[in-house]
Amino acid sequence: MSLFGKLFGGGGGKGGKAPTPQEAVQKLRETEEMLAKKQDFLEKKIDLELMTAKKNGTKNKRAALQALKRKKRYEKQLAQIDGTLSTIEFQREALENANTNTEVLKNMGYAAKAMKAAHENMDIDKVDDLMADITEQQEVAQEISDVISRPIGFGDEFDEDELMAELEELEQEELDKNLLEIQGAEDVPLPSVPSTSLPSRPAKKKEEEDEDDMADLEAWAAAS
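The structure presented is a predicted model; accordingly, all values stated were derived computationally and were not measured.

## Overview of the overall build of the protein chain
In terms of helices and strands, the protein chain carries six helices and zero strands. Counting from the amino terminus, helix and strand elements in the protein chain follow one another as α-α-α-α-α-α. By residue count, 9% of the 224 residues in the protein chain fall in the buried class. Long-range contacts, defined here as pairs at least 24 residues apart, represent 74% of the contacts in the protein chain between residues at least 6 apart.

Encoded structure:
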C-alpha cells in the first residue's frame, strides 16, 4: 500500500472502489474548515504570547523570552497551515473542474446518442428525395392556385381600348359641366348698396322748446 493509501485509508486491492469527485470535494472542504479553525486558534495564541512578552518586558526577561519563543512556534505552524490550505484549495478546484468536465462530456454523449437515434432511419438520399417531393408538391399547388384565380368568361369579350376611350369621354363631359356651372355663377349680379340714408332722431318742435324755456325761467324766479 502506498504512503497516501496508508494516510487516507485507501484500499490497494483491485476491488477497492475509488471515491467520486463529489465525495472527494466534500472531504477537502471539511479539511479546509478544520484547518481554518486551527488558524483562528493559533492567531489567538500568538496574540496572547505577544501580550505576555510585552507585559513582562525587561522586568521578567526569562518569561518574556519564553513567550516570544512560543509565539515563533505558533507562527511557524500558522505558516504551514497557510501552505496546506493553498494546496488543498488548488486540489479542490482541480477536482471541481474535473467533475464539471465529466458532467459536460456525459451530457454531450447523451445528446449524441439522441441525435443518432433521430437520424437512424435517414440518409442523404432519403433527404434529397424528400426535398424533391416537397418542391414538386409546391409547384403543383402554385399551378392549382393560378388556375383557380384566373377569371373565366368575364371581360374577355370587351376591348380595353374602347373602354378607355369611353372613360375619357365621361371625364370630359364631367369637366365641361363643372366649367358651365362656374361661368353661370359669375353672370349673377350682386345686390346694390342702398343709397337712402338711415332716418335720424326727430327734433323737438319749436313750441315744445319755448315751453321748456319758460318753465325753466319760472323755476329760477321762484328760487330767487
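## As for the pattern of salt bridges
If you walk through the whole model with that rule in mind, you get six salt bridges. E75 is paired through a salt bridge with K71; the nearest N and O atoms lie 2.7 Å apart. Highlighted residues: E75 and K71, both in helix 3 (residues 61-118), separated by four residues, approximately one helical turn. Judged by relative accessible area, E75 falls into the partly exposed class, the value being 29%. Connected through salt bridges with shared partners, the residues R29, E32, R92 and E96 form a single ionic network.

## Focus on the side chain of E32
Within the element layout of this structure, E32 appears in helix 2 (residues 21-56). Non-local contacts of E32, meaning those with residues more than four positions away in its chain, are made with L85, I88, E89 and R92.

## Details of the packing of helix 2 against helix 3
Between helix 2 and helix 3, the least distance of the axes is 8 Å, while the angle of their chain directions is 160°. Overall, the two elements helix 2 and helix 3 adopt an arrangement that is roughly antiparallel. Considering how the two elements wind past one another, helix 2 and helix 3 form a crossing that is left-handed. For the contact of helix 2 with helix 3, a count of residues per class yields 19 nonpolar, nine polar and 14 charged.

## Some points on a negative patch on the surface
Taken together, D123, D125, D128, D129, D133, E136, E139, E143 and D146 make up a surface patch of like negative charges. Mapped onto the secondary structure, E136 falls in helix 4 (residues 124-149). The exposure class assigned to E136 is partly exposed, which follows from its relative accessible area of 45%.

## Notes on the nonpolar core
L28, L35, L42, I46, Y74, L78, I81, L85 and I88 together form the largest nonpolar core, which totals nine residues. Discounting residues that sit within four places of it in the chain, L85 has contacts with E32, L35 and Q39.

## Quick notes on a nonpolar patch on the surface
A surface patch of nonpolar side chains, amounting to about 450 Å² of accessible area, comprises M122, V127, L130, M131 and I134. Among the residues examined, M122 registers a relative accessible area of 52% and is labelled exposed.

## Digging into helix 2
For helix 2, built from 36 residues, the straight-helix expectation of 52 Å at 1.5 Å per residue is met to within 8% by its first-to-last C-alpha distance of 52 Å. Buried residues along helix 2 sit against helix 3. Positive backbone phi, at 55°, marks G57, one or two positions downstream of helix 2.

## Points about the confidence of the model for the protein chain
The share of residues in the protein chain with pLDDT of 70 or more is 73%, and the mean pLDDT across the chain is 80. Here helix 1 (residues 3-8) is the element of the protein chain with the lowest mean pLDDT, 47, and helix 2 is the one with the highest, 92.

Cut-offs used in this document
- Residues numbered from 1 in each chain as written.
- Predicted model: local features only at pLDDT ≥ 70, side-chain atom pairs only at ≥ 80, totals over all residues.
- Heavy atoms only, no water.
- Helix = DSSP H or I, 4+ residues; strand = E, 2+ residues; numbered from the N terminus.
- Buried < 20%, exposed > 50% of the residue type's maximum accessible area, 1.4 Å probe, protein only.
- Contact = heavy atoms within 4.5 Å.
- Salt bridge = Lys/Arg side-chain N within 4 Å of Asp/Glu carboxyl O.
- Axes fitted to C-alpha atoms, helices over the stretch in contact; angles between N-to-C directions.
- Parallel < 35°, antiparallel > 145°, perpendicular 65-115°, else oblique.
- Left-handed = near helix turned anticlockwise from the far one by under 90°.
- Nonpolar A, V, L, I, M, F, W, Y, C, P; charged D, E, K, R; others polar.
- Patch = residues over 30% accessible without salt bridge, like charges linked within 9 Å, V, L, I, M, F, W, Y side chains within 5 Å.
- Areas by Shrake-Rupley, 256 points an atom, 1.4 Å probe, with all protein chains shown as cover.
- Lys, Arg positive; Asp, Glu negative; His and termini not counted.
- Charge placed at Lys NZ, Arg CZ, Asp CG, Glu CD.
- Core = buried A, V, L, I, M, F, W, Y, C linked by side-chain atoms within 4.5 Å.
- Expected span 1.5 Å × (residues − 1).
- pLDDT = per-residue confidence, 0-100.

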